[in-house]
Amino acid sequence: MDHSIQIINHGVPETLMKNMMDIAKEFFEMPVEDRVCLYSEDPRQDVRVSTSFNVTKDEVFEWKDYLRHPCHPLEEFINSWPQKPALYRDVAGKYCKEIRGLVLRLLAAISEALGQDSDYLNTIFGKHSQTMHVNYYPACPNPDLTLGVAPHSDTRGITVLTQGDVSGLQVLKDGKWVAVEPIPNAFVVNVADQIQVVSNGRFKSVMHRAVTNTSTARISIPTFYGPSLDTSIAPAASMVDKEHPALYREYKFEEYMKASWSKGVKVRSILDRFKIEISP
Ligand code: OGA
Ligand code: NI
């Protein structure tokens, strides 16, 4: 089963979702001089504005600009976030806190679905990591020629995304791309690679992409939530038995992220590199 859902009644205030979307729009509508100071092409640079995925490596470019920054622990990172628009830190700070609360509730529910205590994922995620992207897809004169984001699965544990009211996100379902049409005030929740590993393949990391649009610019704001780099990730003991041998080896999450930083846009997923080869 693939796991991509949209949730409503999630407890995150609607006005805060709207304020976050508005300030994201303001950020990308500022004169470019106000953003360029944050520009970097290094995927390891935590706080940065960039374009496409890896400008130095990829031959295929995505029709996208983005801002990204870490969000947790908030006090550690908020002073490195953009200073313009003036309210950015205030609004995004409140938004990140609310999203973290929502993710912690989702992690508790998933832990129970894995036959573990509700605290299970909270514990194995160690100090946790939370990174937010603000993606800006300008209106594209020829959407047939380029994608907003090439097909990929997200590398962390779980992704919570808001996409305003312009559609573009698609998930791969039974070999077909299916649009995730915007529902007002809903969040899209996608399972990402680390929960696929911990669940020993029972929860599937969702293959997805974003298409562009000729008439309207689109903003999406995904939060990537997962373990801290120093944790060890492996299939949960409750998911492994004789009929369900471990599909993945244990690894340090940092090893996974290093592989992901150097993969380039044409590689859809690096999960296979951590698979245990089962001889026939
Ligand atoms: C991403 C992503 C999809 C979207 O940034 O990882 O999948 O709808 N974005 O913008
Ligand atoms: Ni994604």
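This structure is a prediction, so every number in the text was calculated from the model and none was measured.

Scoring rules and cut-offs
Residues numbered from 1 in each chain as written. Chains lettered and ligands numbered in written order. Predicted model: local features only at pLDDT ≥ 70, side-chain atom pairs only at ≥ 80, totals over all residues. Heavy atoms only, no water. Phe/Tyr/Trp six-rings, centres within 6.5 Å; stacked < 30°, edge-to-face > 60°. Lys NZ or Arg CZ within 6 Å of the ring centre and 35° of its normal. Core = buried A, V, L, I, M, F, W, Y, C linked by side-chain atoms within 4.5 Å. Buried < 20%, exposed > 50% of the residue type's maximum accessible area, 1.4 Å probe, protein only. Helix = DSSP H or I, 4+ residues; strand = E, 2+ residues; numbered from the N terminus. Contact = heavy atoms within 4.5 Å. Donors = N, O, S within 2.8 Å, 3.2 Å for Na, K, Ca; no water. Near = heavy atom within 4 Å. Polar contact = N/O pair within 3.5 Å; in protein donor to acceptor, adjacent residues only side chain to side chain. Areas by Shrake-Rupley, 256 points an atom, 1.4 Å probe, with all protein chains shown as cover. Nonpolar A, V, L, I, M, F, W, Y, C, P; charged D, E, K, R; others polar. Axes fitted to C-alpha atoms, helices over the stretch in contact; angles between N-to-C directions. Parallel < 35°, antiparallel > 145°, perpendicular 65-115°, else oblique. Left-handed = near helix turned anticlockwise from the far one by under 90°.

Describing the packing of aromatic side chains
- Evaluated as defined, the whole model comprises 8 aromatic pairs.
- Through a chain of ring-to-ring contacts, three or more aromatic side chains come together here, namely F27, F28, W81, Y88 and Y136.
- In this structure, K64 packs its charged tip against the face of Y66, placed 4.9 Å from the ring centre.

Thoughts on the nonpolar core
- M20, M132 and V134 are the most contacted members of the largest nonpolar core, which totals 62 residues.
- No other element matches the 11 residues that helix α4 (residues 88-113) contributes to this core.
- Those residues in contact with M20 that sit more than four places away from it in its chain are Y88, V91, A92, Y95, M132, V134 and I221.
- By size, the runner-up hydrophobic cluster in this structure holds 6 residues, among which are L161, L169, V171 and V180.

Looking at the coordination of the nickel ion (ligand 2)
- Distances from the nickel ion (ligand 2) to its protein donors, H152 (NE2), D154 (OD) and H208 (NE2), fall within 2.1 to 2.2 Å.
- Within one chain, the residues donating to the nickel ion (ligand 2) are spaced in sequence as H-x1-D-x53-H. With a gap of 54 residues between them, D154 in the loop between β5 (149-152) and β6 (158-162) and H208 in strand β10 (residues 208-210) connect regions that are remote in the sequence.
- Taking relative accessible area as the criterion, H208 reaches 7% and is therefore assigned buried.

Regarding the site of ligand 1
- Taken together, N135, Y137, H152, D154, L161, L169, H208, A210, R218, S220, P222 and F224 make up all the residues around ligand 1.
- A distance of 3.0 Å is found between an oxygen atom of ligand 1 and a side-chain nitrogen or oxygen belonging to H152.
- Relative to its unbound accessible area of 300 Å², ligand 1 is 96% covered by the protein chains.
- Counting residues per element, the shell around ligand 1 draws most heavily on strand β11 (residues 218-226), at 4 residues.
- In terms of residue class, the shell around ligand 1 is built from 6 nonpolar, 4 polar and 2 charged.

Quick word on the packing of helix α1 (residues 14-29) against α4
- The contact between α1 and α4 brings their axes to 9 Å, and the two run at 135 degrees. Considered as vectors, α1 and α4 are oriented oblique to each other. The way α1 lies across α4 gives a crossing that is left-handed. Note on element contacts: α4 touches α1 through Y88, V91, A92, K94, Y95 and E98, opposite L16, M17, N19, M20 and I23.
- A per-class count over the contact of α1 with α4 returns 8 nonpolar, 1 polar and 2 charged.

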